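Chains, contacts and geometry: an overview
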Amino acid sequence: MDDNGALHRQVLDRVDVGFGVTDARGTLRWVNPAMAEILGVAVDRVAGRSLPALLPGVPERPRSGLALLAPSAYREGHRWLEVACRPLGSGEELLYRVVDVTAWRDRELEATHEADALRRAQVMGRMGTWEWHITEDRVVWSDTLLEMFGFPPGTLLDFDGYTALVHPDDLSMIQATLEEAMRSGAGFAYTHRMMLADRRTERWFECFGEIVTAEDGTPLRALGTAHDITRARRVHDELLALAEQDPLTGLANRRAVTRELERQLGSGGSGALLLLDLDNFKDVNDLRGHAVGDRLMKTLAGALRSRLSGSQLIGRLGGDEFAVVLPGCSSAEAALVADGLRDAVAALPLVAASAHVTVSTGVAEFGAGDTWELVLANADLALYASKAAGRNRVTVYEPGHYADTAKRVSVMDRLRAALDGGGLALHAMPMVQLASGATLGHELLLRLEDGQHPYLGPAEFLPEAERSDLVLDIDRWVLSTAIDTLVRHPDRELRFNVNVSGRTLEDEDFGGFVLDRLATAGVVPGRLGLEITETAAVTNLDAARALALQLRGFGCRIVLDDFGSGFGSFVHLKHLPITGIKIDGEFVRGIDERSTDAVLVAGIVEIARGLGLSAVAEWVERPAQVETLTRLGVRVGQGFHLGRPVPLGHILSGEPVGPNGALSPPRAGAEDGARS
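Residues numbered from 1 in each chain as written. Predicted model: local features only at pLDDT ≥ 70, side-chain atom pairs only at ≥ 80, totals over all residues. Heavy atoms only, no water.

Right, let's get into the sheet that holds strand β7 (residues 138–141). Taken together, 5 strands build an open sheet; the order of strands is β7-β6-β10-β9-β8 and the sheet is antiparallel. With partners counted over all chains shown, the strands left at the sheet margins are β7 and β8 (188–195), one partner each. The average angle at which neighbouring strand axes cross in this sheet is 25 degrees, direction not considered. Where β8 lies against strand β9 (residues 202–213), 8 bridges are found, and the strand directions are antiparallel. Counted as the bridge partner of Y190 is C207 from β9. (Pairing = 2+ DSSP bridges. Helix = DSSP H or I, 4+ residues; strand = E, 2+ residues; numbered from the N terminus. Axes fitted to C-alpha atoms, helices over the stretch in contact; angles between N-to-C directions.)

Written out as structure tokens, the structure reads:
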């Protein structure tokens with residue numbers, strides 16, 4: 001046998017395709033090893049045996065591409081074979097080729113089942129798919145998606161026809177998103193509104209997709225999904241309206257105003273903030289009663305709103321104080337707007353001869369680099385100057401108003417000295433199980449106890465610290481002190497929550513610092529919880545997610561504080577790996593008096609329960625709140641009624657701190673004092 005013949009024989013011996021030769025009556029004369037394996041007979045015992053007997057259904061004359069379902073010789077069940085037969089030489093012999101295509105057929109069947117399952121899932125989940133062939137400018141829509149758009153299955157809908165249905169305000173965003181995705185090759189996502197085929201019904205769709213590119217990076221196709229989120233969007237919008245509206249006046253509330261101010265600053269915008277405080281409004285309530293005062297407040301709100309344009313947001317901060325965000329206004333232009341609002345209030349009819357309501361206003365400009373806290377503080381200083389100058393006037397903030405600058409420097413000096421010299425202290429505020437009154441843990445609160453005057457509370461020194469890097473050292477001191485205390489008191493029932501500032505979230509080394517301290521101290525991580533305010537988490541979402549992932553993976557508890565202060569947090573819950581939430585006290589303060597707050601708290605509790613998160617209600621100040629919260633499913637609370645902050649040493653020494661009020665019976669007018 002020459003070299004080519006030997007090579008051919010070697011190939012036939014090693015291929016996984018079966019070959020065999022029979023005579024005209026189907027008697028086997030030769031097979032390769034693959035054919036012998038398919039037939040289930042040893043190679044040296046095949047000659048002289050009948051192929052149709054060994055492989056029923058095999059063609060007895062030339063034929064190509066026959067699919068044959070045959071019993072398997074080596075496994076349970078059957079297998080699919082593809083059989084071809086052709087004459088060999090003079091036609092006295094037949095050559096058979098047999099390929100085992102079972103795996104291919106199984107994959108094909110599985111793909112068919114998956115496609116059917118996908119279609120059913122799309123229908124049930126109100127989700128469809130689309131594919132844009134970019135080079136051909138052709139879009140293929142799944143039948144489910146066409147039906148969601150209001151079209152019959154199989155409808156030909158090109159990209160222009162689709163964009164004609166998209167809301168005009170959303171179209172440029174979609175185009176920009178797709179252009180950026182094609183440029184970068186990255187995945188994309190967008191949410192938009194569109195009219196259905198009837199041109200009357202508007203729906204919201206959330207779309208995710210990716211770009212398929214050629215080897216040189218040229219975009220070939222865009223693959224995407226579209227999910228009908230109309231119902232969820234409506235619920236979200238309703239909750240958002242409830243959460244960001246002042247219930248008495250219908251104006252924006254403090255949360256909405258500060259968020260709009262943050263939005264303006266975050267986008268690099270400039271403008272001015274007005275703070276308005278009604279003069280002598282307390283006299284109206286005292287002389288005519290709160291019902292008359294409420295009616296007057298509504299009238300005032302309407303008068304103020306009527307003097308503003310649609311781009312200017314007015315909100316009620318609480319009590320008799322209002323704020324107005326004026327995008328793009330200079331201080332001089334803002335002062336003119338404020339004068340118009342002052343005139344609108346002055347034009348209102350007298351409520352009583354001795355109760356004429358006027359308004360004092362402070363104006364502060366804002367621009368790049370400012371924080372909303374600073375802008376609010378500046379406007380508040382200007383407002384104070386208006387009050388001090390005789391009320392019923394407008395004052396624009398000037399640096400000279402900030403006679404408090406020296407005080408700020410003094411505060412920072414005191415904080416640095418206290419941090420170095422032991423002038424900082426921790427007080428513990430209990431978190432109480434409402435049903436039993438049992439204390440489940442304590443939140444640690446920072447106090448400045450340096451023996452100097454005047455005494456400074458947290459509201460006076462913490463904002464100053466958070467404007468500098470000093471807060472990074474303070475946060476580490478608080479955390480180290482908490483861990484050291486847990487080491488000295490190994491009782492596993494002793495659990496602490498410590499607060500983390502927004503600045504510390506940006507400290508990439510903080511997570512490692514916490515884990516090193518815990519590991520060195522040998523403290524069970526679950527005894528330590530970190531509280532991050534919703535505002536800080538949303539503002540620093542990536543940093544908050546990274547820290548939460550790092551610490552929760554080690555076993556620490558991560559709590560989102562002031563939850564609900566902006567209902568956008570519902571969206572971010574799925575991105576933040578937290579273990580619990582603290583319900584913002586603004587919802588709890590009037591929960592036993594206002595049904596709106598009860599509805600919102602019930603919704604928050606239901607969401608927390610569905611996500612497996614713990615929920616703690618803040619600002620629990622009277623027995624009636626405990627009763628209402630318990631009825632709504634809240635199990636844990638915190639507030640002056642349940643326990644005031646006391647020096648940490650009192651908790652550790654076992655000194656009596658007074659019973660909490662979780663099990664106190666409701667009493668008419670029962671109060672436990674103001675928050676601090």
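A separate point is the packing of aromatic side chains. Scanning the entire structure with this criterion turns up 9 aromatic pairs. Geometrically, the ring pair formed by W141 and F149 is edge-to-face, given 5.6 Å between the ring centres and 70 degrees between the ring planes. Both residues of the pair, W141 and F149, count as buried. The ring of W204 has R233 sitting right over it, with the charged end atom 4.1 Å from the ring centre. Positioned above the aromatic ring of F513 is the side chain of R476, whose terminal nitrogen or guanidinium carbon lies 4.6 Å from the ring centre. (Phe/Tyr/Trp six-rings, centres within 6.5 Å; stacked < 30°, edge-to-face > 60°. Buried < 20%, exposed > 50% of the residue type's maximum accessible area, 1.4 Å probe, protein only. Lys NZ or Arg CZ within 6 Å of the ring centre and 35° of its normal.)

Our next topic: the pattern of salt bridges. Under the counting rule described, the total for this entry stands at 26 salt bridges. A salt bridge links D170 to R193; the nearest nitrogen and oxygen atoms lie 3.0 Å apart. Separated by 23 residues along the polypeptide, D170 in helix α7 (residues 168–184) and R193 in strand β8 bring together distant segments of the chain. Accessibility assignment for this pair places D170 and R193 in one class, buried. The salt bridge involving D484 is made with R517; its shortest N-O contact spans 2.7 Å. Within this pair, whereas D484 is found in helix α16 (residues 470–488), its partner R517 is found in helix α18 (residues 510–521), the two being separated by 33 residues in sequence. For D484, a relative accessible area of 33% gives the class partly exposed. Through salt bridges that share partners, D277, D279 and K387 make up one connected network. (Salt bridge = Lys/Arg side-chain N within 4 Å of Asp/Glu carboxyl O.)

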